[in-house]
Amino acid sequence: QVLISPVETRSALYIAWQALLRRSDVHPIVGQSGMRVETSDGVSIEVLHPASNANYPRVNDYSLVLRVALGDIRFLLTGDITSEVEHMLLDLHPDLRAAVLKVPHHGSATSSSSAFLRAVQPRVAVLSVAADNALDLPAEEVLQRYQTLGIPLLRTDQNGTIKFITDGKQLWMSAEHPLFSSEAEDAIARPWRLR
């Protein structure tokens, strides 16, 4: 199954992706808040955003926000949401805590609000960003927010592919270029409890 956002675009990448889905005979499901998928191995995938009646001026704010959990370990996958959606999530979901946060919108200045980061309380955050990108991401002010709040940050432009493995109680991490700070290594090594 493939979960997709309710918004279609006319970008070349989106059109190519749609063609690939058709060729693969995959029928996408439009994700909306409240949906939950339980896998046979105990993984829970909950769609936190967008709502079926969502209306945003920016297409990025229709990104799916997923909470993926196995046992006590949660991942929060945020797509390209901005702080507007972050604040809405804070209002709708009193417990957003997650061991791993996928940094919203590639570290753009329009996201990763301090209130959102304090609510999620991630043990580590992962920033998916290309090296030397045209948008000059991540924004320095966003990097500073993570540092100020003591959230270790792993970056695909520096670490390459980053992988996490969990048994639902512990969390292990590896990277193509393991340039982890001691804070990141310590954060992963600590036991994680949602209490």
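Below is a short write-up of the structure. (Residues numbered from 1 in each chain as written. Predicted model: local features only at pLDDT ≥ 70, side-chain atom pairs only at ≥ 80, totals over all residues. Heavy atoms only, no water.)

**Comments concerning the layout of surface pockets**
Estimates place the volume of the largest pocket at around 670 Å³. As for the largest pocket, its lining consists of 23 residues, and the residues nearest its centre are Ser5, Ser63, Leu64, Gly79 and Asp80. When residues of the lining of the largest pocket are traced back to their parent elements, those giving at least two are β1 (3–4) and α1 (12–23). When residues in the lining of the largest pocket are grouped by element, the largest group, three residues, is from α1. (1 Å grid on protein atoms, 1.4 Å probe; cavity = no way out; pocket = protein on both sides within 12 Å on 5 of 7 lines; lining within 4 Å. Points joined across faces, edges and corners; volume = space filled by probe spheres on them. Helix = DSSP H or I, 4+ residues; strand = E, 2+ residues; numbered from the N terminus.)

**Examining the sheet that holds strand β9 (residues 153–155)**
The mixed open sheet is built from seven strands, whose spatial order is β3-β4-β5-β6-β7-β8-β9. Each of the sheet's edge strands pairs with one partner strand only, and the pair in question is β3 (36–38) and β9. Sheet twist, expressed as the average angle between the axes of neighbouring strands with direction ignored, equals 20 degrees. Relative to β9, strand β8 (residues 124–127) runs parallel, the two sharing three bridges. Bridge pairing in β9 places Val126 opposite Leu154. (Pairing = 2+ DSSP bridges. Axes fitted to C-alpha atoms, helices over the stretch in contact; angles between N-to-C directions.)

**Topic: the pairing of strand β4 (residues 44–49)**
When you tally the buried positions in β4, you get five out of six residues, the bulk of the element. Inspection of the sheet shows β3 paired to β4 by three bridges, in the antiparallel sense. Bridging across to β4, Val37 finds its partner in Ile45. Hairpin remark: β3 followed by β4, antiparallel, with five residues in the connecting loop; positive phi at Gly42, about 90 degrees. Bridge count between β4 and strand β5 (residues 65–70): five bridges; the pairing is antiparallel. For Glu46, the partnering residue across the bridge sits in β5 and is Arg67. (Buried < 20%, exposed > 50% of the residue type's maximum accessible area, 1.4 Å probe, protein only.)

**Here we look at the side chain of Arg97**
With respect to the element layout, Arg97 can be found in the loop between α2 (83–92) and β7 (100–102). In terms of polar contacts, Arg97 uses its side chain to reach the side chain of Asp95, at 2.9 Å. (Polar contact = N/O pair within 3.5 Å; in protein donor to acceptor, adjacent residues only side chain to side chain.)

**Topic: α1**
Taking 1.5 Å of rise per residue, 12 residues should cover 16 Å, and α1 covers 17 Å from first to last C-alpha, within 8% of that figure. Taken as a whole, α1 has its buried residues at Tyr14, Gln18 and Leu21. Seen end-on, α1 carries its buried residues on one side only, within an arc spanning 60 degrees. Exposed and facing more than 90 degrees away from the buried side of α1 are Ala12, Leu13 and Arg23. Trailing α1 by a residue or two, Asp25 shows a phi angle of about 55 degrees, which is positive. (Expected span 1.5 Å × (residues − 1). Arc of directions from axis to C-beta.)

**Quick word on the pairing of strand β11 (residues 171–175)**
The side-chain alternation of β11 yields one buried face, formed by Leu171, Met173 and Ala175, and one unburied face, formed by Trp172 and Ser174. Judged from the five bridges that link them, strand β10 (residues 162–166) and β11 form a sheet pairing that is antiparallel. Within the sheet, the bridge partner assigned to Lys163 lies in β11 and is Ser174. Where β10 folds back onto β11 in an antiparallel hairpin, the turn is made up of four residues, including Gly168, whose phi is positive at roughly 95 degrees.

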